[in-house]
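# Topology and contacts: notes
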Amino acid sequence: MNEIVAQTKCFVKKELEQAESGHDWFHVERVWKMAKNIAEKEEVDALVVELAALLHDIADSKFNGGDEEMGPRKAFLFLKSMNMDDDVAYHVSNIIKYMSFKSQFGEIAFSSMEMKVVQDADRLDAMGAIGIARTFNYGGFKNRAIYNPDIKPNLNQSKDEYKNSTAPTINHFYEKLLLLKDKMNTETGKRIAEERHYFMVNFLQQFYEEWDGKK
């Protein structure tokens, strides 16, 4: 393992010791592993991919008062403390700043193939069995209802509405998770997303049948 990658891994594990379990070190580790898997099939800077994957949730805005600059800034300062070249540090910080789902609500001011790889890896962790577990874990963390048939998903949210939503957890499937399949960037990401997407579709079908007392 590259020494800077090893040091970054140790830094992130320490920083996320008390993190909510859907956005903890294990989430980061899964994204890191998936990003490396996807990167093997793409022409990318592997070091940038690994560093961005490891640092992408170093200060998630959801847990830092909505501050979307803290994560990119913290990642940049860490990399500079490791004597990383400016080009790499800026690239990684820009990936972290612009890769999130909520970035789609504004103008996309930055993109790179490395960002697309890490973005696919992160989105895949929001899908399938792991995605379902993380979604309900976060809903419980925020004390949200599991489901309320009287509260319909908001399919035309603004960025502020998305960030400040208190809707039941099931709504999140329609407002984000089921949209991810068609937002994948890489062929590897698309292939894996297809399977995870239909796992979620089948889960929802089972959920509604149980909710209605049919099964």
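I will try to describe carefully the structure that is included in this document.

Attention now moves to the environment of Lys-214. Assignment of secondary structure puts Lys-214 in the segment after α10 (187–211). For the pair formed by Lys-214 and Glu-29, sequence separation is 185 residues and the distance between their alpha carbons is 39 Å.

The next thing to look at is the packing of helix α1 (residues 3–15) against helix α2 (residues 25–39). Look at α1 against α2: their axes get within 10 Å of each other, and the N-to-C directions meet at 150°. When the axes of α1 and α2 are compared, the pair comes out roughly antiparallel. Of the two possible hands of crossing, α1 and α2 adopt the one that is right-handed. Contacts between α1 and α2 involve Val-5, Lys-9, Val-12 and Lys-13 from the former and Trp-25, Val-28 and Trp-32 from the latter. Residue classes in the contact of α1 with α2 are distributed as five nonpolar, no polar and two charged.

It is worth spelling out unusual backbone geometry at this point. Phi angles above zero are rare outside glycine, and Asn-83 is one such case at about 60°. Tracing the chain through its elements places Asn-83 in the loop between α4 (70–81) and α5 (86–98). At Asn-143, a position not held by glycine, the phi torsion is positive, near 60°. Turning to its location among the elements, Asn-143 is positioned in the loop between α7 (128–141) and α8 (159–163).

Scanning the model with the defined rule gives 13 aromatic pairs in all. Here the aromatic rings of Tyr-147 and Trp-211 are separated by 4.8 Å at their centres, their planes lie at 80°, and the arrangement is edge-to-face. Separated by 64 residues along the polypeptide, Tyr-147 in the loop between α7 and α8 and Trp-211 in helix α10 bring together distant segments of the chain. For Trp-211, a relative accessible area of 44% corresponds to the partly exposed category. Geometrically, the ring pair formed by Phe-207 and Tyr-208 is edge-to-face, given 5.7 Å between the ring centres and 85° between the ring planes. Taking relative accessible area as the criterion, Phe-207 reaches 14% and is therefore assigned buried. Here Tyr-208 falls in the partly exposed class, since its relative accessible area comes to 23%. Among the aromatic residues, ring-to-ring pairing joins Phe-136, Tyr-147, Phe-173, Phe-203, Phe-207, Tyr-208 and Trp-211 into one connected group.

Cut-offs used in this document
- Residues numbered from 1 in each chain as written.
- Predicted model: local features only at pLDDT ≥ 70, side-chain atom pairs only at ≥ 80, totals over all residues.
- Heavy atoms only, no water.
- Helix = DSSP H or I, 4+ residues; strand = E, 2+ residues; numbered from the N terminus.
- Axes fitted to C-alpha atoms, helices over the stretch in contact; angles between N-to-C directions.
- Parallel < 35°, antiparallel > 145°, perpendicular 65-115°, else oblique.
- Left-handed = near helix turned anticlockwise from the far one by under 90°.
- Contact = heavy atoms within 4.5 Å.
- Nonpolar A, V, L, I, M, F, W, Y, C, P; charged D, E, K, R; others polar.
- Phe/Tyr/Trp six-rings, centres within 6.5 Å; stacked < 30°, edge-to-face > 60°.
- Buried < 20%, exposed > 50% of the residue type's maximum accessible area, 1.4 Å probe, protein only.

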